[in-house]
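Each chain, letter by letter, is given below.
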Amino acid sequence: MFFFPVISAVTAVYVLAAVLPAVFLMVYIYRHDTVEPEPKGLLLRLIGLGVLSALGAMVVESLLTLVLNVLVPADSVLYLPLTAFVVVAASEEGMKFVLLRRRTWNHPAFNYRFDGVVYAVFVSLGFAAFENILYVFSYGLSVALPRALLSIPGHMSFAVVMGVFYSRARHHAHYGEEAKCQADLWAAWLVPVLLHGFYDTCAMSGSTWSTPVFLLFVLVTYTAVFRLIKKESAQDAPV
């Protein structure tokens, strides 16, 4: 019986180490939604959809990996970028985007531009928190800190970009500007895919150039994204 409290305590530590970075960033984004904060029930459902998107992405990535292994030799120079951009980035950002749009596009609370950023971030951080739990339980607490500094903010950064284009698309839809709406909806998926794919290519490369390029990319991206958050929050307006 003594071991059960110990196991429970260890489990709690692992879960907290995996989840707290995502929760911190959710609170950060929520506090920047100053005009009209979003319903908490909706945000909780979006976190759940983030978990669902992670499960869906796992299935899609497995299928795409099988196809890639048939079409491209593992030692080909194309194998790594195709894995990063198509197998991982396109499927993960695609699952997030599909569930984000399905749940929020016609929601009555989606009435300000910064709302799209909040929605995208909560879906993405739900994804990231679930993924982080899997990593921490698989590889131990040693991965918690680097993932808290890199992977979790990375998912948030891609989501902020997605949310900005997503809100622009909603704005264009409101005014019947269908061509602009469709262009921004495509951008809401494709731009995060490009960012995510480049991030993963550098992270998975293991070459002499990849680490400095990766760190520079992370520094520039995170700086730009946090400035974008402040700008979009300050200039929030009805969609």
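What comes next is a walk through the structure. (Residues numbered from 1 in each chain as written. Predicted model: local features only at pLDDT ≥ 70, side-chain atom pairs only at ≥ 80, totals over all residues. Heavy atoms only, no water.)

## Structural notes on the overall build of the protein
Here is step 1: Summing up its helical and strand segments, the protein has 8 helices and 0 strands in all.
Here is step 2: In the protein, the succession of helices and strands from N to C terminus is α-α-α-α-α-α-α-α.
Here is step 3: Taking 18 Å as the expected radius of gyration for a compact globule of 239 residues, we find that the protein reaches 18 Å, a close match to that expectation.
Here is step 4: For the protein, the proportion of its 239 residues judged to be buried stands at 46%. (Helix = DSSP H or I, 4+ residues; strand = E, 2+ residues; numbered from the N terminus. Rg over C-alpha atoms; globule rule 2.2 N^0.38 Å. Buried < 20%, exposed > 50% of the residue type's maximum accessible area, 1.4 Å probe, protein only.)

## Here we look at the environment of V117
Here is step 1: When you line up the elements, V117 lands in helix α4 (residues 113-139).
Here is step 2: We classify V117 as buried; its relative accessible area is 2%.
Here is step 3: Expressed as a C-alpha distance, the spacing of V117 and L49, which sit 68 residues apart in the sequence, is 15 Å.

## Describing the side chain of H196
Here is step 1: Mapping H196 onto the fold places it in helix α7 (residues 178-205).
Here is step 2: With relative accessibility at 3%, the residue H196 sits in the buried group.

## So, helix α8 (residues 210-234)
Here is step 1: Given a rise of 1.5 Å per residue, 25 residues ought to cover 36 Å, and the 36 Å separating the end C-alpha atoms of α8 matches this to within 8%.
Here is step 2: All of the buried residues in α8 are S210, F214, F217, V218, T221, Y222, V225, I229, E232 and S233. (Expected span 1.5 Å × (residues − 1).)

## Some remarks on the packing of aromatic side chains
Here is step 1: Here the structure, examined in full by the defined rule, presents 11 aromatic pairs.
Here is step 2: Taking the centre distance of 5.4 Å and the plane angle of 20° together, the rings of F110 and Y166 count as stacked. Of this pair, F110 sits in the loop between α3 (79-104) and α4 while Y166 sits in helix α6 (residues 151-174), placing them 56 residues apart in sequence. Summarising the burial analysis for this pair, F110 and Y166 share the class buried. (Phe/Tyr/Trp six-rings, centres within 6.5 Å; stacked < 30°, edge-to-face > 60°.)

## What about a nonpolar patch on the surface?
Here is step 1: A surface patch of nonpolar side chains, amounting to about 320 Å² of accessible area, comprises L16, L20, V23 and V27.
Here is step 2: Along the chain, L16 turns up in helix α1 (residues 3-31).
Here is step 3: When its relative accessible area of 48% is taken as the criterion, L16 is described as partly exposed. (Patch = residues over 30% accessible without salt bridge, like charges linked within 9 Å, V, L, I, M, F, W, Y side chains within 5 Å. Areas by Shrake-Rupley, 256 points an atom, 1.4 Å probe, with all protein chains shown as cover. Salt bridge = Lys/Arg side-chain N within 4 Å of Asp/Glu carboxyl O.)

## Re the nonpolar core
Here is step 1: Of all hydrophobic cores here, the largest spans 42 residues; its most connected members are L46, L100, Y119, V121, L125, M156 and Y166.
Here is step 2: For this core, the secondary structure elements donating two or more residues are α1, α2 (40-71), α3, α4, α6, α7 and α8.
Here is step 3: Take this core: its biggest share by element is 11 residues, from α4.
Here is step 4: The contact partners of V121, leaving out residues within four places of it in the chain, are I29, M156, A159 and V160.
Here is step 5: Listed in part, the 7 residues of the second largest apolar core include F158, C202, F214 and V218. (Core = buried A, V, L, I, M, F, W, Y, C linked by side-chain atoms within 4.5 Å. Contact = heavy atoms within 4.5 Å.)

## Examining the packing of α3 against α7
The angle between the axes and the distance between the axes are what describe a pair of packed helices.
Here is step 1: Between α3 and α7, the least distance of the axes is 8 Å, while the angle of their chain directions is 140°. Classified by the angle their axes make, α3 and α7 are oblique. For α3 against α7, the interelement crossing comes out right-handed.
Here is step 2: Residue composition of the contact of α3 with α7, grouped by class: 16 nonpolar, 6 polar and 4 charged. (Axes fitted to C-alpha atoms, helices over the stretch in contact; angles between N-to-C directions. Parallel < 35°, antiparallel > 145°, perpendicular 65-115°, else oblique. Left-handed = near helix turned anticlockwise from the far one by under 90°. Nonpolar A, V, L, I, M, F, W, Y, C, P; charged D, E, K, R; others polar.)

## Some remarks on the packing of α6 against α7
Here is step 1: The interhelical angle for the contact between α6 and α7, taken along N-to-C directions, is 170°, at an axis separation of 7 Å. It follows from the interaxial angle that α6 and α7 lie roughly antiparallel. Side by side, α6 and α7 meet where S151, H155, F158, V161, M162, F165, Y166, R168, A169, H172 and A173 of the first sit next to K180, C181, D184, L185, A187, A188, V191, P192, L195, H196 and Y199 of the second.
Here is step 2: Class assignment for the residues of the contact of α6 with α7 results in 15 nonpolar, 4 polar and 3 charged.

## So, the pattern of salt bridges
Here is step 1: For the structure shown, the criterion picks out 2 salt bridges.
Here is step 2: Where E93 meets K96, a salt bridge forms, and the shortest distance between an N and an O atom there is 3.1 Å. With E93 and K96 both in helix α3 and 3 residues apart, the pair spans about one turn of that helix.
Here is step 3: On the basis of relative accessibility, which here comes to 2%, the residue K96 falls in the buried class.
Here is step 4: Here E131 makes a salt bridge to R147, at a shortest N to O gap of 3.0 Å.

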